[in-house]
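# Topology and contacts: notes
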Amino acid sequence: MEYSHRYPAYPTQEVAGELERHIDIHRQAYNYTRYEYENVDADNIGSAYKHHYRLPDWKDQFPAFSEVNSKALQRTVTRFYQNLDGLSEQKQNGRKVGKLRWKSPREFQSMTFSQSGFELKNTSGRRATLWLSKIGDIPIRYHRVIPDNADIKEVTIKKETTGEWFVSFGLETDDASLPEKPDVDSLDASNSVGVDLGILNYIHTSDGHTVDWLDLEDEYERLRREQRKLSRKEKGSNNYEQQRKQVAKVKRHIRRKVLDYQHKITTWLVREYDAVFVEDLNVKGMLKDSHNARNKQDAAWRQFITLLEYKADLYGCHVKQVEPEGTTKECASCGVETAKPIWVREHSCPACGFECDRDANAAMNVLQRGFSELGLGWPEDTPVETVLPTDTTTVSAKRVIEAGSLGA
Ligand SMILES: [Zn+2]
């Protein structure tokens, strides 16, 4: 399986200068690849592999190309051909596409080290150092550990338009070394969980955990402030550009904070349970009328589910999306549907008398649907009432962030 981890990087001013210089050499290499592809006899080029043989010539002609790591230089040539493939794929999908364009410095802000020329070292707590050949050491904020069984295939370092640096590690795990998922027959109500993704930005599990969403009020307030400032600047002016970066920075900060938080919750879920069930948002999205806030929310939950699914393989956990329609209305105990307006927080079934929290009922339905999705029936000797906890424990976002775990 292939995936990637991304970390903020904090090069010194001197190293940042070197990074920029190297990236610009790579940009020239990219543009030169494009030039040769269009103008040079096609026998020697036409594939990344063949084109790599041109590099010694390049270095003779242009000493600058010798100043960067040679594997990374090959990787930049490959990047041109990958873009070319991407282009023809779009063409096949019926999109009107032009040729690959020459890249200006603004459009080329990253380089990739492939297989060699880099080392991740000094990993301790939330710090680590990335060493890059011909450049040096770059401190990174190591907020997520790279699993022991993962190989680092490549490292990309990128300068964002905000001026911030990020490194992203392309990781590969041997599928054979991934933990095995538990036998489906071993799943029961004690080791599996249904998760209700709340419209109020939180999750509720079928075994009675609720996790509050992050309080981002301060961040959004700051975003509004920076956006107001931007609206007062003259478009195209220097100040406008500066302020635009400021706005982008706050937005990025919010996105990263949400992502970080989602990582923690999803890791907790796949570690804690053998099977995790959530609603299928692709179906749900079609059911609901969509306005903007709702879409934004869906995007956040989609990201959450994507994380959950990739961790399912990493940690050996079953993750399934289930039919979302009616999870709130349906009684988890007898299946009779009762309409509930959003403000009714209690589920109280007129047919069988079953009572519980509205979201607990929904989460329980998600759990039951998950079981039938896996081809398992709900165990007959397990009445829903006995599975549902009598109490709900609320876990605050602050605790998730500090402890990195909800389990305690
Ligand atoms: Zn009922």
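In the nomenclature of an unreviewed UniProt entry, the chain is known as Putative transposase of Halorientalis persicus.

Our next topic: a positive patch on the surface. Together, R225, R228, R232 and K233 line one region of the surface with positive charge. Following the sequence through the fold, R225 ends up in helix 5 (residues 217-232).

Before going further, it helps to examine the packing of helix 1 (residues 13-39) against helix 4 (residues 70-92). A packed helix pair is summarised by two numbers, namely the angle formed by the two axes and the spacing between the axes. Between helix 1 and helix 4, the shortest axis-to-axis distance is 9 Å and the interhelical angle comes to 50°. In terms of axis orientation, helix 1 runs oblique to helix 4. In terms of crossing hand, the pair formed by helix 1 and helix 4 is right-handed. Of helix 4, the residues touching helix 1 (which contributes H26, A29, Y30, T33, R34 and Y37) are A72, L73, T76, V77, R79, F80, Y81, N83 and L84. Looking at the contact of helix 1 with helix 4, its residues break down into nine nonpolar, four polar and two charged.

Here we take up the pairing of strand 6 (residues 150-159). Judged from the five bridges that link them, strand 2 (residues 110-114) and strand 6 form a sheet pairing that is antiparallel. Each residue of the ladder has a partner; that of T112, found in strand 6, is T156. Pairing of strand 6 with strand 7 (residues 165-173), which is carried by nine bridges, proceeds in the antiparallel orientation. Directly across from E154, in strand 7, lies its bridge partner G170. Once strand 6 ends, the chain turns through five residues before running back antiparallel as strand 7, passing G163 with a positive phi of about 95°.

In this section: unusual backbone geometry. Positioned with a positive phi, Q115 is a non-glycine residue whose angle comes to about 70°. In this fold, Q115 is placed in the loop between strand 2 and strand 3 (118-124). If you check the backbone angles, N122 has positive phi at about 50° while not being a glycine. You can see N122 is positioned in strand 3. Exposure remark for N122: the relative accessible area of 54% places this residue in the exposed category.

Here we come to the packing of aromatic side chains. The full count for this structure, using the stated rule, is 16 aromatic pairs. Note on Y30 and F80: the rings are 5.7 Å apart at their centroids and 70° apart in plane angle, and the pair reads as edge-to-face. Of this pair, Y30 sits in helix 1 while F80 sits in helix 4, and the two are 50 residues apart along the sequence. On the basis of relative accessibility, which here comes to 1%, the residue Y30 falls in the buried class. Ring plane angle 75° and centroid distance 6.1 Å describe the contact between W268 and Y273, whose orientation is recorded as edge-to-face. Accessibility assignment for this pair places W268 and Y273 in one class, buried. Feature note: the residues Y30, Y37, F80, Y81 and F108 constitute an aromatic cluster, connected by ring pairs. Above the plane of the ring of F166 lies R6, whose end atom (NZ or CZ) is 4.1 Å from the centre.

With distances of 2.3 Å, the protein atoms coordinating the zinc ion are C331 (SG), C334 (SG), C349 (SG) and C352 (SG). Because the angles between the four donor atoms bound to the zinc ion fall within 108 to 113°, the donor set is best described as tetrahedral. Mapped onto the sequence, the residues coordinating the zinc ion show the spacing C-x2-C-x14-C-x2-C. Here C334 is found in the loop between strand 12 (318-322) and strand 13 (346-348), whereas its partner C352 is found in the loop between strand 13 and strand 14 (355-357), with 18 residues between them in sequence. Owing to a relative accessible area of 36%, C334 belongs among the partly exposed residues under this scheme.

Conventions we followed
Within any chain, residue numbers begin from 1 and follow the written order of that chain's sequence. Restriction of local features to residues with pLDDT of at least 70 applies here, the model being predicted, together with a cutoff of 80 or more for giving and counting side-chain atom pairs; totals for whole chains, interfaces and linings are based on all residues. Calculation of side-chain values draws on the structure's entire complement of heavy atoms; hydrogens and water are dropped beforehand. The patch calculation keeps residues exceeding 30% relative accessible area without a salt bridge and links them within 9 Å when they carry like charges or within 5 Å when they are nonpolar (Val, Leu, Ile, Met, Phe, Trp, Tyr). Exposure was quantified through the Shrake-Rupley algorithm and a 1.4 Å probe, taking into account, for residues, occlusion by the shown protein chains and nothing else. Here a salt bridge means any side-chain nitrogen of Lys or Arg lying within 4 Å of a carboxyl oxygen belonging to Asp or Glu. When charges are tallied, Lys and Arg are placed among the positive residues and Asp and Glu among the negative ones, while His and the ends of the chain are skipped. Lysine's charge is taken at NZ, arginine's at CZ, aspartate's at CG and glutamate's at CD. Each helix is a run of H or I in the DSSP string that is no shorter than four residues. Each strand is a run of E no shorter than two, and both are numbered from the N terminus. Axis angles are defined between N-to-C directions and span 0 to 180 degrees, where every axis is a line fitted to C-alpha atoms and, for a helix, only to the segment in contact. An angle below 35 degrees is read as roughly parallel, one above 145 as roughly antiparallel, one from 65 to 115 as roughly perpendicular, and any other as oblique. Should the near helix be turned anticlockwise from the far one by less than a right angle, the crossing is left-handed, and should it be turned clockwise, the crossing is right-handed. Any two residues whose heavy atoms approach within 4.5 Å are treated as being in contact. Residue polarity is assigned by list, with Asp, Glu, Lys and Arg as charged and Ala, Val, Leu, Ile, Met, Phe, Trp, Tyr, Cys and Pro as nonpolar; anything else, Gly included, falls into the polar class. DSSP-based pairing: two strands are paired if at least 2 bridges between them are found. We call a residue buried when its accessible area falls under 20% of the maximum for its residue type, exposed when it is over 50%, and partly exposed in between, using a 1.4 Å probe and counting protein chains only. Stacked, tilted and edge-to-face are the three classes applied to pairs of Phe, Tyr and Trp rings, where Trp contributes its six-membered ring and a pair requires centres within 6.5 Å; stacked means planes under 30 degrees apart, edge-to-face means over 60, and tilted covers the rest. Note on criteria: charge over ring means Lys NZ or Arg CZ within 6 Å of the ring centre, with the direction from the centre no more than 35 degrees off the ring normal. Only nitrogen, oxygen and sulfur atoms qualify as donors, and only when within 2.8 Å of the metal (3.2 Å in the case of Na, K and Ca); with water excluded, sites may look incomplete. The geometry test gives tetrahedral to four donors whose angles all lie between 85 and 135 degrees, gives square planar to four donors and octahedral to six donors whose opposite members are over 155 degrees apart with all other angles between 65 and 115, and gives irregular to the rest.

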